[in-house]
Amino acid sequence: MLRYRFFTLIILLLLAVESSATQTVPPAIPLKILNHRLSAEIAHTPAARSKGLMHRTQLHKNSGMLFIFPKINIYSMWMLNTFIPLSVAFLDEKGVILNIADMSPHSLASHSSAQPAKYALEMNLGWFTEKNITTGVQVEGLEQAPQAE
């Protein structure tokens, strides 16, 4: 009986290791805003955009997620199943920040782009404010981003 439990435990541990090894980490690109560098995970597929930063418990200091939309339009973000307080910057097709909104964890409140946007960049809450990044500022490095699917 003890041997059976031991082997069961070993099998469960191996499955957990295999499962965590097969989880895909979203690709990331370096971006620059003013003199601030960051790493942005890419959400360019419908599945990646739907999942976003859901279920995460932390986000590194200068890391975020870049949502790439298939067409220029008014887009909205919300925080269903998102544990991290975030700020989102909506960007036009040239990478100029249109507006920035602060979002609370688990909120279904909708935060929309002020004008038609091509991208949304989510960072830890207050990141843009701390760096004195406001509307009208250019985000550099978007040419490295893949096309939206």
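Fair warning: this is a prediction, and the values are worked out from it, not measured in the lab. (Residues numbered from 1 in each chain as written. Predicted model: local features only at pLDDT ≥ 70, side-chain atom pairs only at ≥ 80, totals over all residues. Heavy atoms only, no water.)

The helix and strand inventory of the protein stands at three helices and nine strands. Helices (α) and strands (β) of the protein occur, in sequence order from the N terminus, as α-β-β-α-β-β-β-β-β-β-α-β. By the burial criterion, 41% of the 149 residues in the protein qualify as buried. Taking contacts inside the protein between residues at least 6 apart in sequence as the whole, the part at least 24 apart equals 70%. About 8900 Å² of surface is accessible on the protein, with carbon and sulfur atoms providing 58% of the total. (Helix = DSSP H or I, 4+ residues; strand = E, 2+ residues; numbered from the N terminus. Buried < 20%, exposed > 50% of the residue type's maximum accessible area, 1.4 Å probe, protein only. Contact = heavy atoms within 4.5 Å. Areas by Shrake-Rupley, 256 points an atom, 1.4 Å probe, with all protein chains shown as cover.)

Further remarks concern the environment of N99. Relative to the helices and strands, N99 is located in strand β6 (residues 97-103). Residue classification places N99 among the buried residues on the basis of a relative accessible area of 14%. A sequence separation of 37 residues divides N99 from G136, and the C-alpha atoms of the two residues are 8.2 Å apart. Contact partners of N99, with chain neighbours within four places excluded, come to V88, A89, F90, S112, S113, A114 and T135. A distance of 2.8 Å separates the side chain of N99 from the backbone nitrogen of A114, its partner in a polar contact. (Polar contact = N/O pair within 3.5 Å; in protein donor to acceptor, adjacent residues only side chain to side chain.)

It is worth spelling out the packing of aromatic side chains at this point. Taken as a whole and judged by the stated rule, the model has two aromatic pairs. With a centroid separation of 3.8 Å and 10° between ring planes, the pair formed by F69 and Y75 is classed as stacked. Comparing F69 with Y75 shows no difference in burial state: the two are buried. Ring geometry for W127 and F128: centres 5.3 Å apart, planes at 90°, overall edge-to-face. A relative accessible area of 2% places W127 in the buried class. Accessibility expressed as a relative area gives 1% for F128, which makes it buried. (Phe/Tyr/Trp six-rings, centres within 6.5 Å; stacked < 30°, edge-to-face > 60°.)

This paragraph deals with a nonpolar patch on the surface. A surface patch of nonpolar side chains, about 330 Å² in accessible area, is lined by W78, L80 and L108. Relative to the assigned elements, W78 resides in the loop between β4 (76-77) and β5 (86-91). Of the residues examined, W78 reaches a relative accessible area of 48% and is grouped as partly exposed. (Patch = residues over 30% accessible without salt bridge, like charges linked within 9 Å, V, L, I, M, F, W, Y side chains within 5 Å. Salt bridge = Lys/Arg side-chain N within 4 Å of Asp/Glu carboxyl O.)

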